[in-house]
Amino acid sequence: MEEFEASESSKKVKTIYISTVFGIAMVLLMIGLLGLILVHANNLSRYVKENIVLNIFMDDAAHETDVLQLQKQLDANIMVKQTQYVSKELAARNLQKDLGEDFVKFLGYNPLSQSLDVYLKADYANNAGIDKFKADLLKNPLVKEVKYQQSLVDQMNANLTSISLIIVAFAGIFVILSVALINNTIRLAIYSQRFLIKSMQLVGATKGFIRKPFLLYGIWHGLLGGLIAIVILIGTLYLANNQIPDLVILQTRTEFAIVFSGVIILGIFISAFSTFLAVNKFLRLKIYDLYR
């Protein structure tokens, strides 16, 4: 009979710990998904900003060699991500494709100017940075005009700022709720072991000795929960990339490694810390309080 009761008790404890691990995994999965959303949103913001083009139109008297020399200087500029030289002939071909007719033949000459298309780095793709860059360019005698869509830049930066604030606020609230959920899950698991904790304490075991195995289990459960969450996250990313192939341009292995490492570290920390608090609570309880 005693062996049967011991076996049933062991099964009950295993069931509780398994449910605890999966509870932690589901919460960490939500945190991981939020982390991936933040990564993709940040990369999308950078991608959009770095695809804003500044059209630098050259003076009609400028020689191609001088324009190419200016291009090299711009490539060396800390604000510039990349540049592209557009000759008069290439500009004419591009416009002919857009118009669907040969305007050069109709006019008898090519009225377009050679130009440079400049793409700035994301950190400088705002009106303040662009205006400063534009003012410096206009001091060059080779440059006739600099054009960019100022209203688009204003709207883009305002929208990206609003979206970022919403995501960060949501992330903060969600992390707090996630910590609370994991903490409650672990407290319930430790609650089933409250009599064992008190028995060890009554026979003279020190608090550190009693805490140690529970903390090790807590670390192990956090690690397992994190690994399960990561496996599901990888599967989710695989399905998402199959459905939306263009997501690949917003993804880097380094950022994924940071998110996955963060999920495991957060899982271990929250699990171990919650276990520490829960065990301490039952160590402080009086015997008659254990039945409440």
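Residues numbered from 1 in each chain as written. Predicted model: local features only at pLDDT ≥ 70, side-chain atom pairs only at ≥ 80, totals over all residues. Heavy atoms only, no water.

A. Structural view of the overall build of the protein. Helices and strands together make up the secondary structure of the protein, namely nine helices and four strands. Start at the N end of the protein and walk to the C end: the helices and strands fall as α-β-α-β-α-α-β-α-β-α-α-α-α. Buried residues in the protein amount to 37% of all 292 residues. Nonlocal contacts in the protein, meaning residues at least 24 apart in sequence, comprise 81% of its contacts between residues at least 6 apart. Total accessible area on the protein is roughly 17900 Å²; 63% of this is exposed by carbon and sulfur atoms. (Helix = DSSP H or I, 4+ residues; strand = E, 2+ residues; numbered from the N terminus. Buried < 20%, exposed > 50% of the residue type's maximum accessible area, 1.4 Å probe, protein only. Contact = heavy atoms within 4.5 Å. Areas by Shrake-Rupley, 256 points an atom, 1.4 Å probe, with all protein chains shown as cover.)

B. The nonpolar core, seen in detail. Ranked by size, the top nonpolar core spans 31 residues in total, and within it Leu 28, Ile 182, Ile 190, Ile 197, Phe 214 and Phe 260 carry the most contacts. Within the residue set of this core, elements represented by two or more residues are helix H1 (2-49), helix H6 (150-191), helix H7 (194-202), helix H8 (207-243) and helix H9 (253-284). The leading source of residues in this core is H9, at ten residues. If near-sequence neighbours (up to four positions away) are discounted, Phe 260 is found in contact with Ile 230, Leu 233, Ile 234 and Leu 237. Within the second largest apolar cluster, 24 residues are counted, among which are Met 58, Met 79, Val 80 and Leu 160. (Core = buried A, V, L, I, M, F, W, Y, C linked by side-chain atoms within 4.5 Å.)

C. Spotlight on H8. The end-to-end C-alpha separation of H8 is 53 Å, in line with the 54 Å expected for 37 residues at 1.5 Å each. Of all the residues in H8, the buried ones are Ile 210, Arg 211, Phe 214, Gly 218, His 221, Gly 222, Gly 225, Gly 226, Ala 229, Ile 230, Leu 233 and Leu 237. (Expected span 1.5 Å × (residues − 1).)

D. Broad picture of the UniProt feature "transmembrane region" (unreviewed entry) in the protein. Cross-referencing UniProt, the feature "transmembrane region" (unreviewed entry) maps to residues 16-39, 163-190, 214-238 and 258-279 in the present numbering. Within the segment residues 16-39, helix and strand shares are 100% and 0% respectively, and the terminal C-alpha atoms sit 34 Å apart. Structurally, residues 163-190 is divided into 100% helix and 0% strand, and its ends, taken at the C-alpha atoms, are 40 Å apart. (UniProt positions renumbered as here; feature names shortened; annotations may be inferred.)

E. Summary view of the side chain of Ser 274. Inspection of the secondary structure assignment puts Ser 274 in helix H9. If we ignore the near neighbours within four places in the chain, the residues touching Ser 274 are Asn 183 and Ile 186.

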